[in-house]
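Residue-level structural notes
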Amino acid sequence: AVEDGCWVCAICPTEQEVRYLVDILGLEQDFVRAALDEEESSRVESEDNQTLVIVDVPTAEKQDEEKTVVYSTMPMAIISNNRFITTVCLRENAVITEISQGLVKNIQTHMRTHFLLSILLRIATRFLQYLKQIDKISYTTENLLHKTMRENDELIEMLGLEKSLVYFSTSLKSNEVTLEKILRGRIIKLYDEDEELLEDVIIEVKQAIEMCSIYSNVLSNTMDAFSSIISNNLNIIMKVLTALTIVLELPNMVFGLYGMNVDGLPLPHF
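Read on for a plain summary of the structure. Here the structure is a predicted model, which is why all the values come from computation and not from measurement.

Rules used in this analysis
- Residues numbered from 1 in each chain as written.
- Predicted model: local features only at pLDDT ≥ 70, side-chain atom pairs only at ≥ 80, totals over all residues.
- Heavy atoms only, no water.
- Helix = DSSP H or I, 4+ residues; strand = E, 2+ residues; numbered from the N terminus.
- Rg over C-alpha atoms; globule rule 2.2 N^0.38 Å.
- Contact = heavy atoms within 4.5 Å.
- Areas by Shrake-Rupley, 256 points an atom, 1.4 Å probe, with all protein chains shown as cover.
- Lys, Arg positive; Asp, Glu negative; His and termini not counted.
- Charge placed at Lys NZ, Arg CZ, Asp CG, Glu CD.
- Buried < 20%, exposed > 50% of the residue type's maximum accessible area, 1.4 Å probe, protein only.
- Pairing = 2+ DSSP bridges.
- Axes fitted to C-alpha atoms, helices over the stretch in contact; angles between N-to-C directions.
- Patch = residues over 30% accessible without salt bridge, like charges linked within 9 Å, V, L, I, M, F, W, Y side chains within 5 Å.
- Salt bridge = Lys/Arg side-chain N within 4 Å of Asp/Glu carboxyl O.
- Polar contact = N/O pair within 3.5 Å; in protein donor to acceptor, adjacent residues only side chain to side chain.
- Phe/Tyr/Trp six-rings, centres within 6.5 Å; stacked < 30°, edge-to-face > 60°.

1. Some details on the overall build of the protein chain
Secondary structure assignment for the protein chain yields six helices and five strands. Computed over the C-alpha atoms, the radius of gyration of the protein chain is 30 Å, more than 25% above the 18 Å expected from 2.2 N^0.38 for a compact globule of 270 residues. Along the first, second and third principal axes, the C-alpha atoms of the protein chain reach 110 × 40 × 30 Å. Excluding contacts between residues fewer than 6 apart, the proportion of contacts in the protein chain whose partners are at least 24 apart in sequence is 65%. When the accessible surface of the protein chain is summed, it comes to about 16300 Å², and 53% of that surface belongs to carbon and sulfur atoms. A distance of 3 Å separates the average location of the 23 positive side-chain charges in the protein chain from that of its 42 negative side-chain charges.

Following this line, the structure appears as structure tokens:
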């Protein structure tokens, strides 16, 4: 049985588990299924003493074949009622893992609003951590480009990082709008401590948005610069090949003249 003040965590729930959340625990079906749509946007709404907060959570997945890390986002629903709080998401993520394993201090699930804001703070912090990882990978990849100039692998990896920054930027901006709505206090009642914590979350999100914008511009300019360098190197190679072709063409012209049936050429028996 689910006790009052507990935290119910649903990760990629089956249809049977969804029915349990809806029929047994009394959660709104639309609220539960909202997080199961990968295209669901961040928002906050309330209905029948239940509050739904959907935020985008950053994810990092390792690609074994390419030995790279792919960064993306996915929606997570946080549903709060008068008894307990529930989180629903499609896949395991670092934020849920940290909280469930007790790695986050001062977590009290019976304080539902404070617990909700703590989750939002961990999400914002995780965005910042992944942004720093992206910046570090970008720096390492740039150094490899300086040394090897292998235009395929490194540029493709940097293109993937730029795509991740676009995902992060879009998700962070939608999360910021949702947090601003919560800060108004019309949907979720906030106490003084909750307002201070929420303001910290908003500051973290705004910092992540600024970092994302800076890293995206730097990465884009770096890719443009290396593309120009690679294009210039290709032009130099083509000039050398063209010069060699002209040099090799001169003997062919001479040999061609002597191969014709023409009289009066110098050195006919050479």
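2. A look at the pairing of strand β5 (residues 85–89)
When a strand is regular, its side chains alternate between the sheet's two faces. In terms of burial, β5 is a largely internal element, five of the five residues being buried. Because side chains alternate across β5, one face comprises the buried residues Ile85, Thr87 and Cys89, and the other comprises Thr86 and Val88, equally buried. Strand direction decides the pairing type here: strand β1 (residues 7–11) and β5, joined by five bridges, are parallel. Note on β5: the bridge partner recorded for alanine 10 is valine 88.

3. Here we look at the sheet that holds strand β3 (residues 50–63)
Across the sheet, five strands lie side by side as β1-β5-β4-β3-β2; this open sheet has mixed pairing. Both outer strands of the open sheet, β1 and β2 (43–47), are each paired with one neighbouring strand and no more. Here the average twist between neighbouring strands, direction ignored, is 25°. Examined bridge by bridge, strand β4 (residues 68–80) and β5 share five bridges and lie antiparallel to one another. Considered in β5, the bridge of isoleucine 78 is made with threonine 87.

4. Some points on a negative patch on the surface
Together, Asp192, Glu193, Glu195, Glu196, Glu199 and Asp200 make up a negatively charged patch on the protein surface. Along the chain, glutamate 193 falls in helix α6 (residues 192–258). Look at glutamate 193 and you get exposed, because its relative accessible area is 60%.

5. Description of the side chain of serine 42
The residue serine 42 is located in the loop between α2 (29–34) and β2 in this model. Within polar-contact distance, the side chain of serine 42 engages the backbone oxygen of isoleucine 54 at 2.7 Å. Looking at serine 42, its side chain comes within polar contact range of the side chain of asparagine 175, at 3.3 Å.

6. So, the pattern of salt bridges
In a structure, side chains of opposite charge can pair up when their charged atoms sit close to one another. The tally for this structure, following the rule as stated, stands at eight salt bridges. A salt bridge links arginine 33 to glutamate 15, with the nearest nitrogen and oxygen atoms 3.0 Å apart. One end of the pair, arginine 33, is in helix α2; the other, glutamate 15, is in helix α1 (residues 15–24), with 18 residues separating them in the sequence. In this structure, glutamate 40 engages arginine 43 in a salt bridge whose closest nitrogen and oxygen atoms are separated by 2.1 Å. Residue classification places arginine 43 among the partly exposed residues on the basis of a relative accessible area of 23%. Connected through salt bridges with shared partners, the residues Glu38, Glu61 and Arg91 form a single ionic network.

7. Considerations on the packing of aromatic side chains
All told, the structure shown has four aromatic pairs when counted by the stated rule. Arranged with centres 5.2 Å apart and planes meeting at 85°, the rings of phenylalanine 127 and phenylalanine 168 form a pair that is edge-to-face. In this pair, phenylalanine 127 is assigned in helix α4 (residues 112–148) and phenylalanine 168 in helix α5 (residues 151–183), connecting sequence segments 41 residues apart. Taken individually, phenylalanine 127 and phenylalanine 168 each receive the classification buried, so the pair is uniform in this respect. Among the aromatic residues, those joined into a ring-pair cluster are Tyr71, Phe127, Tyr130 and Phe168.

8. Quick word on the side chain of asparagine 93
With respect to the element layout, asparagine 93 can be found in the loop between β5 and α3 (94–100). When its relative accessible area of 4% is taken as the criterion, asparagine 93 is described as buried. A distance of 3.2 Å separates the side chain of asparagine 93 from the backbone nitrogen of valine 95, its partner in a polar contact. Excluding residues that lie within four positions of it along the chain, asparagine 93 makes contacts with Val57, Met74 and Met76.

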